[in-house]
Amino acid sequence: MTERQVILQINFKSGMPIYLQVVDQVKAAAASGALRPGEMLPSIRPLAEELRVNRNTIAKAYSELESLGVIETLPGRGCFLKENHSGLRKEVRRKLLIAEIDQVIVQAHHLQVARDEFLELLHERMDVLDVKRRASKDHKKEG
Amino acid sequence: MTSSAPAIQIENLSYSYGSAEAVNGLTLTVQPGRCYALFGRNGAGKTTTMKCLLNLLRPQRGHVRVFGLDPSKQEVGVKRLLSYVPDQVAFYPWMNVRETLDYLASFRERWNRKTEHQLLERFQLDPAQRTGSLSKGQRTQVALIAAICPETDLLVLDEPTSGLDPIVRREFIETVIGAYQDGNLGNRTIFVSTHLITEFEGLIDEFTIIDRGRVVATLDSDHARHRYQKIRARFAQAPPELDFGAALRVRREGRELELIVNGTGPELLERLREHNPEALTTEALTLEEIFVATLKS
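Just so we're clear, the structure is a prediction, and the values are computed from it rather than from any experiment.

About the cut-offs
Residues numbered from 1 in each chain as written. Chains lettered and ligands numbered in written order. Predicted model: local features only at pLDDT ≥ 70, side-chain atom pairs only at ≥ 80, totals over all residues. Helix = DSSP H or I, 4+ residues; strand = E, 2+ residues; numbered from the N terminus. Buried ≥ 20, exposed ≤ 12 C-beta atoms within 10 Å, placed from the backbone. Pairing = 2+ DSSP bridges. Axes fitted to C-alpha atoms, helices over the stretch in contact; angles between N-to-C directions. Contact = placed C-beta atoms within 7 Å. Domains from an automatic or database assignment. Nonpolar A, V, L, I, M, F, W, Y, C, P; charged D, E, K, R; others polar.

## Some details on the overall build of chain A
- Within chain A one finds five helices and two strands.
- Residues classed as buried in chain A amount to 19% of the 143 residues present.

## Quick look at the sheet that holds strand 8 (residues 206–211) of chain B
Residue and element names in this part refer to chain B.
- With respect to topology, six strands assemble into an open sheet ordered 5-6-7-3-8-9, the strand pairing being mixed. Both edges of this open sheet fall to strand 5 (82–85) and strand 9 (214–220), since each of them pairs with a single strand only. Taking the axes of each pair of neighbouring strands and ignoring which way they run, one obtains an average angle of 15° across the sheet.
- Running at roughly 35° to strand 8, helix 10 (residues 287–296) makes contact with strand 3 (35–39), strand 8 and strand 9 of the sheet.

## Some thoughts on the domain arrangement of chain A
All names here are of chain A.
- When cut into domains, chain A gives domain 1 (18–81) and domain 2 (90–142).
- The C-alpha-based centres of domain 1 and domain 2 are spaced at 23 Å.
- On the side of domain 2, five residues touch domain 1, which itself brings four residues to the contact.
- Per-class residue counts for the side of domain 1 that touches domain 2 are two nonpolar, two polar and no charged.

## Looking at the interface of chain B and chain A
- Contact residues are listed per partner, giving 22 residues for chain B and 18 residues for chain A.
- Secondary structure elements with two or more residues in the side of chain B that touches chain A: helix 6 (166–180), helix 8 (221–227) and strand 13 (279–284) of chain B.
- Classifying every residue of the side of chain B that touches chain A by side-chain character gives six nonpolar, eight polar and eight charged.

## A few points about the domain arrangement of chain B
Residue and element names in this part refer to chain B.
- Entries for chain B in the domain assignment read domain 1 (8–212) and domain 2 (224–296).
- The straight-line distance from the C-alpha centre of domain 1 to that of domain 2 is 38 Å.
- Taken together, the contacts link eight residues of domain 1 with six residues of domain 2.
- Ranked by the residues each element gives to the side of domain 1 that touches domain 2, the list is headed by strand 8, at three residues.
- For the side of domain 1 that touches domain 2, the per-class residue count stands at five nonpolar, one polar and two charged.

Structure follows, in structure tokens:
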């Protein structure tokens, strides 16, 4: 098991708490295949040093990811991406997603993106993620 | 000392040099395990506050406590719990780096030799070099090693990186994160005064802005970046004449409008949308921008 370099970027202008940015980016890396199940996340100290953020912030992000079931901590070995992401029931998972979707719909309304265009865009973005995921799988086979 | 005592408690602290007020009624609390910053312009009272913590000055009014101890009465107890990197580092110039560290270690109960060795290597310092011939950056590095090796619960940094080159500044912050926060995570408290805010941005949990010895604002960093926003709107014609009374700053330029707001972003955005702007963007302010906006308004 190798330690994968997940490139994280902290943006102080996003208005989002730093630990949540780490949480979201690890989730995104897992969704795109940049980080695969069983792979190790960077340890807290080097990651904090690299991003120049408080170590408590990284520790908080990792414990949040753990409680979300995205990663698991193996004592003395490190944090790893879990095989099966969510331990939540399907209704709960749907409900969480609906809240996010509603926000995007509101945003689409304000940006004057109509329903058809919005749905088209949604397909397009899902395709992009699929391509990324496939590319990272092929890369794995070659490697 | 009780384990639940704040790492630092400053209450109504005042100090004047003759008729010049340096600190006037300053109150703040630093909880253990936090990284707390004191932001202020030159002469705002940061160093005077630090000196009261270290018993280099006695408060004329109010009091300071370090883990519940009074520095002016329990100086030895306080010094055991904290280490300090001043803005002007001075050593005995005839001693070399090795002798200087040994000398400083002799005052300490604990001294982590392994950390000392690692940091000397990292900074590429020659133990045989006399401190009198070190550069300003190298002297600060020796002072940082001397502050980290005793593994104290509180690290006090007074303008530690001003006047240093960018590489040394970057290494300094990384060392504070890496080496100081290493053991006993959650219990290592940092109290830093600086006006070089950007480079400490990611490290700081909470901060107090002081100006002319008085508290202007005390904020949690994440919360502050959430509340303080810069809103930019561009309209087809001249921007509408709205009342932006709640905004900290309003700038109009041609068809564009730029607002800096504290907490009232969502309402203002809603009102601006009613006027159908061509473009409407928001971004959070960095801690440095918050500092500037707070002192200007």
